[in-house]
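Below are the chains, spelled out letter by letter.
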Amino acid sequence: MDPVAVGLLAELAGGAGGDGGRRAWEALGELVRRPTGDGAGEAELVALERAPGDMARAHALSTALAVRAALEPEFGAELVRWQEQARSFRTGEGSVRNEISGGTFHGTVSIHQGRDFYIGPDQPQ
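Scoring rules and cut-offs
- Residues numbered from 1 in each chain as written.
- Predicted model: local features only at pLDDT ≥ 70, side-chain atom pairs only at ≥ 80, totals over all residues.
- Heavy atoms only, no water.
- Phe/Tyr/Trp six-rings, centres within 6.5 Å; stacked < 30°, edge-to-face > 60°.
- Lys NZ or Arg CZ within 6 Å of the ring centre and 35° of its normal.
- Core = buried A, V, L, I, M, F, W, Y, C linked by side-chain atoms within 4.5 Å.
- Buried < 20%, exposed > 50% of the residue type's maximum accessible area, 1.4 Å probe, protein only.
- Helix = DSSP H or I, 4+ residues; strand = E, 2+ residues; numbered from the N terminus.
- Contact = heavy atoms within 4.5 Å.
- Polar contact = N/O pair within 3.5 Å; in protein donor to acceptor, adjacent residues only side chain to side chain.
- Axes fitted to C-alpha atoms, helices over the stretch in contact; angles between N-to-C directions.
- Parallel < 35°, antiparallel > 145°, perpendicular 65-115°, else oblique.
- Left-handed = near helix turned anticlockwise from the far one by under 90°.
- Nonpolar A, V, L, I, M, F, W, Y, C, P; charged D, E, K, R; others polar.

Draft legend 1. The packing of aromatic side chains, seen in detail. Evaluation of the coordinates by the stated rule reveals zero aromatic pairs. Taking the ring centre of Phe75 as reference, the NZ or CZ of Arg68 above it sits at 4.2 Å.

Here it is in structure tokens:
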């Protein structure tokens, strides 16, 4: 399993993604706090909640989640599902660039702008 993106964890802990991002963060907390396993990752989760901009804390949580996923296959499978859903709330990395070229334009130009569109569960666009 790939580690959970540090940027994604920091963004969700900081409230990115609005209500959906908040729900994704809460779902991660519920997953980490499940009574199965040793509860690894809970201290790192709480630490990142207290300082969401701290990338070192986000990295520590990502590492703890990866280790737990390796030791607990059921947790790992749930974490993969969580990560697939949480990706849609990511807002911090990347950029948007608008370019109009190829001639002279008169009138209104409509621009539809966005980022991180997902067509399917395995096809980021």
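Draft legend 2. Just the nonpolar core, in detail. Residues Leu9, Trp25, Leu28, Leu61, Leu65, Leu79 and Trp82 are the most contacted members of the largest nonpolar core, which totals 21 residues. When residues of this core are traced back to their parent elements, those giving at least two are α1 (6-13), α2 (18-32), α3 (42-50), α4 (55-71) and α5 (73-86). Discounting chain neighbours no more than four positions away, the residues touching Trp25 are Leu9, Leu12, Ala13, Leu45, Leu48, Glu49 and Leu61.

Draft legend 3. Region of the structure containing the side chain of Arg68. The residue Arg68 is located in helix α4 in this model. For Arg68, a relative accessible area of 2% gives the class buried. For Arg68, the side chain forms a polar contact with the main-chain oxygen of Ala40, separated by 3.1 Å. Filtering out sequence-adjacent residues up to four positions away, Arg68 remains in contact with Leu31, Val32, Arg34, Thr36, Asp38, Gly39, Ala40 and Phe75.

Draft legend 4. Spatial organisation of the packing of α2 against α3. In the contact formed by α2 and α3, the axes pass within 10 Å of each other and the chain directions differ by 155°. With respect to each other, α2 and α3 are oriented roughly antiparallel. The way α2 lies across α3 gives a crossing that is left-handed. Between α2 and α3, the contacting residues are Trp25, Leu28, Gly29 and Val32 on the first element and Glu42, Leu45, Leu48 and Glu49 on the second. Here the contact of α2 with α3 is built from residues that sort into five nonpolar, one polar and two charged.

The quantities given are spatial measurements derived from coordinates; they are silent on function.
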